[in-house]
Structure formats: C-alpha cells, structure tokens
Amino acid sequence: MLALRLVGAYLRAQPLRVALAVLGIALGVATVVAIFTLDANTVAARLEARAGDEVRADLQATLSATAGQPDPEARGALAALPGVARVGTAGFTQAEALPTGGAGPRAALELIGIAGAVEAFGAFDLVAGESWGESWSAPALSVPPLLVGEELARERGWTIGTLVELAAPPVSRDPLRRCEDGRWVEEQQASAAPQAPPAPVAFEVTGLLRPFRLGARAAGRIALAPLDQAARVRGVAALDRVLWIQRAAGVDVAELRAAVRAALPDAAVDSAVTAAIGEEPDERAFRNGVRVAGVLALVLGLFVIFHALSIALLQRMRTIAILIALGLTRGAIARLFLLEATLIAGVGAALGALLGLLLAKGLLVSGLTTLGVVEGGVQLFVIPWRQVLTLALLGFALALAGAAHPLWRSRSWSPDLILRTRDLPAGRGVFERVDLFFAAVLLICIPLVYFFTIEVIGRDAERVLVVFLGGLAAFALILAALHLAPWLLGALIRAALWPWKRILPLETELVGRSMAGLFGRVVVGIGGLALVAAALVALRGMTDSLRGEVRAFADTALRAKLFVSLVPHDEQDAQSIAAYRDRPLEGAWLRTWCAAQPEIVGYEIASLRLDAPFPIRALPPEQARWGLLAEREDLRARFADARTPAMLISRRLAAFEPELLRRGTVALPARTRSGAIEVQVLGVCDDYGIFQTERSFGVIAPEFFRLFQCMDPEQISAFTLKLRSGAEAGAVAQRLERELGERFGVRWKTGEEKLAFELADIDRDFFLFDVILALVAILAGLGLLHSLWIAALERMREIAIFKAVGFTPGQVRVLFGLEALTTGALGGIFGVLLGVPLLWLVIRGLRALSGLDLPFALPWLWMAIAALLGALLGLGAGLLPAWRASRLEPAPQLRGE
Amino acid sequence: MSESNAPALRVRGLYKFQRERSREVAILKDISFELPRGRFLAIMGPSGSGKTTLLHLLGGLETPSAGAVEIDGQDLAGLGERKRALLRREAVGFVFQFFHLVPNLSVRENVALPLRIRGQSGRAVAERVDALLTQFGLTAQAELLPPQLSGGEMQRVGVARAVIGEPALLLADEPTGNLATGQGEEVLRWLRRLHAEQGQSIVLVTHNPRDAAYADEVRFLVDGSLLAEPRLVGSDVDAAKIHACLRDLKI
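Residues numbered from 1 in each chain as written. Chains lettered and ligands numbered in written order. Predicted model: local features only at pLDDT ≥ 70, side-chain atom pairs only at ≥ 80, totals over all residues. Heavy atoms only, no water.

All right, on to unusual backbone geometry then. That bond from Glu229(B) to Pro230(B) is cis: its omega, -5 degrees, falls within 30 degrees of zero. Looking at the secondary structure, you find Pro230(B) in the loop between β10 (225–226) and β11 (232–233). At Ala560(A), a position not held by glycine, the phi torsion is positive, near 55 degrees. Here Ala560(A) lies in the loop between α17 (519–557) and β15 (561–567). Of note, Asp72(B) is a non-glycine position whose phi angle comes to about 55 degrees, a positive value. Assignment of secondary structure puts Asp72(B) in the loop between β4 (66–71) and β5 (74–75). (Helix = DSSP H or I, 4+ residues; strand = E, 2+ residues; numbered from the N terminus.)

Right, dumping it as structure tokens:
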C-alpha cells in the first residue's frame, strides 16, 4: 500500500515527466506496430484484390500439351527440387457432356484434369460431395470421379452419384492449331490420316463445385476430373497445363523460379501469383528496410524510457535515502520502482499499440503501404493481433529491463552522504553507466530480439543481417571509440565548441568541461542522433542512387523516345471497339510515315509481345538505327536472321537471370508443333524494349512473332518512336495525332515524362520511410531531451551556484542550449560518418537484390542536411531542459531542499 | 541607481511567507535595518529562525513577500531576475555553509568564476587569482578539484571566490557550520582581515557566538523577527556578552 501511495504521489506530482516517458515508449511501440500492421494489410489487400481468380501458389509453370515432359513426370521433377513443398497440375481442354439416357442436347463444358495437390492450393471449393484427394488411381472397371460446377449440375439435373459421359467435341470449337511458318495449321490437317474420335468416357459425379476460382470458369459450366482421365476424353497423352508450386518455408521465390526454369526449360514460369506477394527481391528489400527502420524506432523509444526511469530515481534520491534511513529495505524500494516502471511501460505499450494501429490505418487510407503507394488508398484493415501483442509485450518487457539498471546503480548510493551533504555523490554523474547499459542492450539484445521474434521475409535475412549488423557495428565502433578514448571526445567537443569560444568564452568552457565530464551520457546522446542522421544519409543516399540509376537507364532507354498506344475512340462502345479491332494500324503505313519524318530515327513495336518467360517485344532490325545494333553490324545481321532467332535482353534481366548469358540461349514458348523454340541471347542492352515500367525484358525481331507465334507484325497498336537528339517529341506526337486521330484514340507519352514519373514514383514509394524517419527523429529528440534533463537535475546545485555568483537566466539557457547544440552537431557529424558506410552496405545489398546497377555516390547535400538536422534536433531537445534550468530557484538548492 | 551616500544595505519591512498546507506561515516578519558601508554585521539566531532565508533575500536569490531590499541604493524589488543577477555579479559575494563549489572546476577556476562571469579573462584575471590563492594559502591546491580538498580548504576557496570581484557586500551563511573549530576560526580570521583591508560590508548569519564575535555589530533573529534589543556594537561585541544575550533570550 505504501508503495502504491508513493508511486501514485510521484506520478501525480510529475505529470510532464510521466507523459514524456509514456510518449517515448508509446511512440517506439507505435512505430513498429504500425509498420507490421501496415505490412500485413499491404499483403492482405493484394491477396484480396487477386483472391477471385488466383490460386494460392508461389509459382506457376505453364506448359503446352506438346511441350516438355507429360504429367506425372513433370510434376515429379518439380517435387524433387529442393525447396518445393507441394506441386499440383491442372490441364485444360474442352469437352461435351452426352445426354443422359441418349436423348437431348449435348452440353459444352470446360474440362480440367487435375493431379497432385490442386485442392490444397485452394483451386476449388466443394458445396457438396467430396474430391479424390491428391491422387486417383483407377481400380479395374471402376468409374472415374468427376466434380462439376453447381450451375452445370443444376442445368443438367445432375446430383452426387449421377453417371455422366464426356466426349471430345465432334468439331473442335478450339481446334488444335499449330503455327507453321507463320501460318496456322490445324492438327487434323497436319496428320497423315484422320483419327477416329476417342470414345466417350463415363464419370461419376462425386462433388459439386462452388463458383469460385476453377469452379467459376466457363460461367460454371466446368468439370474437374483426374488429369489422365481428362486427357483420355480428348484422346491425347497430355493437355495444355499449369503446374502450381508451393515452396517450403524460407525458400527464396526468385531462386526457386530459376530452379523450376532449369527443371522445365519449356515452361513459362511466373511468380506473379497470390502467395508470392511482396516476395520479389526488391519488394522484400523494401519491406525488410521498413522493418529495420521500425526496430530503430523501438530502440530509440527504449532510450527514452531508460532515461525517464533514471530521472524518476534521481528525483527521489532524498526520499529513498530517508526511506532507507527509516528502515525500508532496498528490495522494497526495488519493488516500488518496478511498480512504477510497470505502470509507465504498461500504459506506454498499450497506448503505443493503439497509436500504431491508428497510424497504420491512416497510412493505409492515404495509400502508403510497405510495397509503395497505392492510388486511392487501401480500405481493408485487419489487425495482426499476434504481431501487435508480441511487439507491445516486447516494448513492455524491455522498458522494465530499463528500470533494472538505475535500481542496480542506486545500490551504491550512500543514504548517509545524501542526507548529510544534501548533494549527489561526487563523480561523473550517478547515471553515467545507464547509457553504457543501454548501449549494451542496443548492441546485444535488439538484433537478437529482431531476428528471433520477427520473421524476416524470404532468404534475404543474410543480406538484411549484413546491413543491420553492419550498421550496428559501425555504431558500436563509434560509441566504443568515444568511450575508450575520452580525449578524442574531448577534442571533438572542443572543436565543436570552437566557433562559440570568442563570443561565449565562459559558457563554452563550462559546457566543454561538463560534456567531457559526463562523456557516457554525451556519447549515447550523440549516438541516438547519429542513428537518425545516418538513417537519413542512408535513405536519401539510396533514393539518390535509385534516381541516378533511373536517370542512367533513361539516358539509354527513355531519352528521345515517344511511346504511343492506339486505342478505340470510345473504349466503352462495342462498335468503336469492333472498328478498332477490325482495322489496326498497318506496318507499311508506319514505315512510310516514319521515313517521312526527319526527327524519327526508327521504331519498335510494343504490341507484338510475349509475356513468358519474361516480357519480350519486337524490334524491326531495319529500324534499329540507334544503340547496340546500330553500332554492331554483325549483331544486327544475326538479330535479323529469322530462322534461327536471336534476342537482346535488358541489363536487369541479365542481372536477375545470369543463367541466360551463361547458357547463351533461352527456350521461348512457341505455337509450333514442338511448343518451344531455342533463341540465342545475343547481348545485353537497354537501348530497346522498354514500354511500360517492367525493366526485365527482351527484344526480338518481328519475324519471330510471325513465324513462331503466328502473330501479324503488320498489325500494330502500340509502338515506340526513337527520335533524334533534341527533337520536339510533343510536335511529333501532335503530327501523329493529326494523321491517325480519325481512326484511333492516340495516347502518347514522351521518354522525359516517363522518366519524371519514375523519379516521382521513387519519392512516392519511399515516402513511408520519411514518415518513419520523422517518428524516429522525434524519438531521438525525446531521448536527448531526457538525457539533458538528467543533466539538468544532476547539475541543479551547480546551476544554483552559478546563479548565486551572477549568472543570468539567459546564460543558464545558453549553457544548456550550447550543450544540446554541440551534442546534436556531433550526433549529426557522426551520423554522416556512420551513414556513408551504411549507405554503401545498403546499395551493395540492393544491387544484389534488385539486379539494378545502382551507382554509389556520396549524397553531399543530404550529408549536409543530416548534420544540420542533428544540430537542430539537439537544439530542439535542449529547449525544455534549458528553460527549466533557467527558471530554477537557486535558494532552495543552496539551502539543500 | 547607486547612491554614493547610501548604506551598503537597506532593508525595510521585509516579510517572507511560505505556504504550508492551506495557510501562509511567516518565515520572516517586518525586518528592517541598515548596514552602513564597511560594517561587519553578524545576525545570530537558532536553527529555523530564518537566517538563511534572510541572507538569500538580501542577495536577491529569493524575492520577498513584502518589503524592500536595497543594495548600494538599488532597490531589488524593481529588478527582474536578469537585472538582479547582474547586480549580484557586481556587488554581492556569497559564502555558503556547504561551500557550493562547482565540482568539475579546479580551485583556480572556481575562484576565477565571478570575474569570468563578468566577462573578464586573460592575464589580469590570472594574476588576481594567483594573488588571492597565495593570500589564502591555496597555491598548492590551485589545480585540484573540490572533492580533493579538505573542508577548511573548500571554505577558503569559497571565501576567495566571494571576494575576488571585490563586491560591496559579502553575505556569509554559517561559513563555519561544516568545519572543525580550528578551520572555522581560520576562515573567520580571513573574513575579518579582508574586512579590515578592503572595508567590505559583511553580513554573517550564524548560531555560533564565537563566529559572531568577529563582527562589528551583533543582532538577534528570533522566530523570524530581528530584535531591536539586545544589540551589541563595537567594543560590546565579545563572545561572553553574546552568550549572555543568548541566555537572556533563552536561545
């Protein structure tokens, strides 16, 4: 009861201190909670957006009926890959249901053969009946099972147990066509002799499908059968199929994708499916970067609580001494402080969790996510309770740990000394080592806590660890250097104070003396601000580097280009759409028109494209009058040889998939009999191929599309014009609009506009970091404020003496202001020194993760701003302690009250 | 403004109240007196009589609840905190019972502090400090920090610091309260000597008759009131008479 009364009385008497302590821990917890909630909602929102039509797989490999190994060998090959947890196959074809009892019309339906763990991928959902699990092996004379769409079952009057006969359509609605020499050839015509249609296959309806994912295809006229039985219906060995792959925990999507490509060279492998959201290397880097920033905020929040609890103890030294004198045990005093710490930490952590959720909601509504900016905001809001509670508890526990050190230190106090001299024990300050203790927690516990309690996404843990621990090591190095070499700190403090020496000689000297005498506190104050300044340098240096890279890319890929899309005049009007489709732009017209324009060097055809295994667009070789092909006639000749196609790939693709260059060839899907075509990789350049924002792409001659895809290179709906340097892109576009405006809607964008968009996109994406950085800066400021406050408390007697001998309040403010400013300035400078190697580590990691050739350049402007920010933060943090110290009544201090 | 003929200190109707629970308690009541220039006044009183509070009011460290304090003809009541600080730095020197030296400044720096606060520096200050350190027998301790000194040495530093700026008024609060008898007497001899040599006006508050016996005049503060009588002046000031007064006052 006594403890409660004492704690209650103190908390009521010191509302500002309590509020600042609660705010510190709350802001720290709020930042991490906000980040993790934001991340969870970012992924959830993307999942929801795709939930209607995507299967929950990490990767999917698409194989044509004639390409690659048939199932189950292909599935087995994938299942044998390390890191693959589960594989399922779905083969797609058309079929007809024969009338029950031999009379009535046939019913067209889409028949999907499934094998493996398709159901486990959430590919379908049953409203009645049951499926056959992962494998169906046909016992002799048994009837294979069939899952049918609810709609189809209702139309046909089928129920569970109905026997159904499926057959291939007598005249294929989608005849099996093959592209031969640029012409479609139907499979039947290509056969030596027409084959008899396969016999109908009987199935027993064992389940009804909800109209969801596979069950929603073909407007519910859908049936799922064992894969081999579905192929039997069509009388073929294999169908066009998709293999869905789920990876084991912690396996890197990009690495697995490369392994799948190697195992199934004929397949188009794609990771743009639901479960892999946010798991691309650059996305992971972004998300992990946000998390690291969140941990930084938590660290600084703890910095605040450590100091706040130290202040609480310091302010009550006399009370404690009296209580000890009256017979209270040190254990009872420890319980008293733990009770107070529990109250502050508990309220702070709870408030922090609430604030964090509100902050996350606010950020989501305004469109800020951990995967960049989403136009229109994210309305979804789910609370990841497990993470929120873990983080709140973590903040709470560490805040309690913060209470332990001042208590331990207080054991060395002599109540006799405190009561007799009415002064603090002499020496370097009672709480000198609280900062060392804090630094130890920072360096040892936080990385452990981070990596053991919080899941690091993907296998980038090593790279994130390198950056995170590298930063911490640099930070520790600076702290250790300053601690082990106080003369160094003294020299730095003197240097930082030097500009003031002439105008404020006494104050400068006193501040220098005070700071050098309390170097532990000063070092950690400097350290806190250095972290913020370093984060600013690293972040801004990184965005500068990204911008530099985008500019370098733009110089080759975007400059002097005009990107044109032709669209229907009215995209809502069926007539307009039909007119557009029936009369596309002719290649001949574009060639003639471009030849007549003096500003135009050549063009690329963006509407001739292939999306797998990566985006590939068409570049007419004769039009490539710039870039690599213009410089290397041998390459151009090889590029133009349509029979043995060759392609160029972008620098980013080459970085992501070094295998392409090592092998020198890549198998591209083709609509030919073989289903794939080997294409030579001629070289790497960014001169051609960009149209939208995707930077991993290839370019190939239009003849490839004609010969192997049966696409007409003479029908164009999107193209890129390469202009002469200095040409007015807008004028060319307007001329084009005048020529084509009657037939099409002409949308165009200049390379410079695209560049501006990309640069703005970087700023938008990294705005989240700015928000976190602002929170972190507030926390660092609060930490320093508390630290200076302790200094003020420890030096109250000294200030009273100064006042007694004639110091004005203004001079007292100058003392504290100068100390805060000096701490801030040194923090800023050390932050810059720390930020540069951190930036190097970040860029090195990002180069590996993103495949971008990121330049490393010192961000001089941001280094200057960071140093200034440190000084300003320091000064801002010093205002309150300085004001309070200047208002100190000297008489009570001198009387020893 | 300073008046050349004004007393070093003039106190009129000085009150100091302190709030205790819901009522105001008078710490000092209607204190009035004048300290002519060059006078050494000792104010005696038991513990809790308000001696230290009075001294802090005289030095402008606290503000009175009512009444006026004039130092060298300058009324403190009309001055803001800054102006009071400026007046203090020029005209007042403090000697404290608990020494109150700045712990991280050396003896030399502590002594120089008042001059440095006035903006003085360089050779002149150094010479003045050296002279005082020699005078107070502190040359050997010049570079030591206060925690390394004995109580007597600390108080000598305190006195040296109080007088280095040659203030018109020296306020000494129980300067021997934390010293052994011999050390205390040594400090008082220094005060007396400075008073004789520099003609400084001194107010000493103490409860020790032996200390008060060094003054020119002794007055008594009882329950916050400065008594008109008894009042010992000149040759009447000696320890035996002070003891007798205390006995009469039942202190």
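Once you've had a look at it, read on.
Residue and element names in this part refer to chain A. In space, the 9 strands of this open sheet follow the order β20-β21-β19-β22-β18-β17-β24-β15-β25, with mixed pairing throughout. The sheet is open, and its two edges are formed by β20 (665–669) and β25 (745–750), each paired on a single side. Going from strand to strand, the sheet's axes swing by 35 degrees on average, the running direction of each strand aside. Inspection of the sheet shows strand β17 (residues 600–610) paired to strand β18 (residues 616–618) by 3 bridges, in the antiparallel sense. Paired with Ile-605 across the two strands is Ala-618, which belongs to β18. Helix-sheet contacts for helix α24 (residues 702–709) involve β17, β18, β20, β21 (676–684) and β22 (698–700), and the interaxial angle to β17 is about 25 degrees. On the sheet, helix α26 (residues 751–765) packs against β15 and β25 and is oriented at approximately 65 degrees with respect to β25. (Pairing = 2+ DSSP bridges. Axes fitted to C-alpha atoms, helices over the stretch in contact; angles between N-to-C directions. Contact = heavy atoms within 4.5 Å.)

Let's shift gears to helix α5 (residues 151–163) of chain B. Compared with an ideal rise of 1.5 Å per residue, which puts 13 residues at 18 Å, α5(B) spans 18 Å between its outermost C-alpha atoms and is within 8% of the ideal. Counting buried positions along α5(B) gives 12 out of 13 residues, so the element sits mostly inside the fold. Every buried residue of α5(B) is accounted for by Gly152(B), Glu153(B), Met154(B), Gln155(B), Arg156(B), Val157(B), Gly158(B), Val159(B), Ala160(B), Arg161(B), Ala162(B) and Val163(B). Buried positions along α5(B) lie against α28 (796–804) of chain A together with β6 (92–95), α3 (107–117), α4 (123–135), β7 (169–173) and α6 (181–198) of chain B. (Expected span 1.5 Å × (residues − 1). Buried < 20%, exposed > 50% of the residue type's maximum accessible area, 1.4 Å probe, protein only.)

This next bit is on α4(B). All names here are of chain B. Given a rise of 1.5 Å per residue, 13 residues ought to cover 18 Å, and the 18 Å separating the end C-alpha atoms of α4 matches this to within 8%. Residues Val-125, Val-129, Leu-132 and Leu-133 constitute the buried set of α4. In an axial view of α4, the angular spread of the buried residues amounts to 100 degrees, which keeps them on one side of the axis. Looking at α4, the residues exposed on the side facing more than 90 degrees away from the buried face are Arg-123, Ala-124 and Thr-134. Residues of α4 that are buried in the fold lie against α3 and α5. Of the residues trailing α4, Gly-137 is marked for its positive phi of about 65 degrees. (Arc of directions from axis to C-beta.)

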